[in-house]
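Working through the structure, step by step
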Amino acid sequence: MRQVYAHQAVIRSLKSPAAPGAAVTVALCGHWEHEPPCPLAAHHTAVAADGDDGWRVRVLFATEPHRVEDVRSRLDEALSTGDWELISSGCTRMDTADRSHARRLLRTNRARSQ
C-alpha cells in the first residue's frame, strides 16, 4: 500500500522556478508532460524563495514503502544536475499544510490501481 513521504532540497542561483519541478517529474515519470498517473510515484513539487538567492524545493510523493529509497535517489540525482547549486537534499517531515496534497496523491494512486 502506498504512503506519502516528503523530501526537501535547498538550491541556489535558480534561473527558472519551474525548472526543479520539471527535473523532478522527468526523474520520476520520464518526461515533464505525460498522462496521469505518475508511474513510480505520484508527486507534488513546490518551489519557494529561501533567503537572498536560495530556493526551497519541497516534494511530496506517494509510493510503496519498498520504493522510497529509489524515489529519493532519483530526486537527489535530479536536484543535483540542474542550472543551480544543490545546497542540501533529503527526507523531511510532512507539515500540517501538506495533508490536502497527501490525500490527493493517495486518491491518484487508488485510481491507478483499480
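Here, every reference points to the structure presented above.
A brief look at the structure comes next. Given the structure is predicted, the values throughout are model-derived calculations rather than measurements.

About the thresholds
Residues numbered from 1 in each chain as written. Predicted model: local features only at pLDDT ≥ 70, side-chain atom pairs only at ≥ 80, totals over all residues. Heavy atoms only, no water. Helix = DSSP H or I, 4+ residues; strand = E, 2+ residues; numbered from the N terminus. Rg over C-alpha atoms; globule rule 2.2 N^0.38 Å. Buried < 20%, exposed > 50% of the residue type's maximum accessible area, 1.4 Å probe, protein only. Contact = heavy atoms within 4.5 Å. Lys, Arg positive; Asp, Glu negative; His and termini not counted. Charge placed at Lys NZ, Arg CZ, Asp CG, Glu CD. Pairing = 2+ DSSP bridges. Axes fitted to C-alpha atoms, helices over the stretch in contact; angles between N-to-C directions.

This part takes up the overall build of the protein. The helix and strand tally for the protein stands at three helices and four strands. Taking 13 Å as the expected radius of gyration for a compact globule of 114 residues, we find that the protein reaches 14 Å, a close match to that expectation. With the principal axes as the frame, the protein shows a C-alpha extent of 45 × 30 × 20 Å. Looking at the protein as a whole, 38% of its 114 residues qualify as buried. Contacts in the protein between residues far apart in sequence, at least 24 positions, make up 70% of those at least 6 positions apart. Taken as two groups, the 15 positive and 14 negative side-chain charges of the protein have centres that lie 10 Å from each other.

Relative to the helices and strands, Asp98 resides in the loop between β4 (85-92) and α3 (99-113). Note on Asp98: relative accessible area 7%, which makes it buried. What Asp98 contacts, discounting residues up to four positions off in sequence, is Arg58, Leu60 and Arg93.

Let us now look at the sheet that holds strand β1 (residues 3-12). Spatially, β2-β3-β1-β4 is the arrangement adopted by the four strands of the open sheet, whose pairing is antiparallel. Of all strands in the sheet, those with a lone pairing partner are β2 (42-49) and β4, marking the two edges. Each strand of the sheet is rotated relative to its neighbour by a mean of 15 degrees, with strand direction disregarded. Relative to β4, β1 is paired through seven bridges, and the arrangement is antiparallel. What sits directly across from Gln8, in β4, is Gly90. Relative to β2, helix α1 (residues 19-29) is tilted by about 160 degrees, and along the sheet it contacts β1, β2 and β3 (54-63).

Turning our eyes to something else, we now look at the pairing of β1. Here is the key point about a regular strand: its side chains alternate between the two faces of the sheet. For β1, the tally of buried residues reaches seven of ten residues, placing the bulk of the element in the interior. With ten bridges joining them, β1 and β3 adopt antiparallel strand pairing. What sits directly across from Gln3, in β3, is Thr63.

These values are about where atoms sit, not about what they do.
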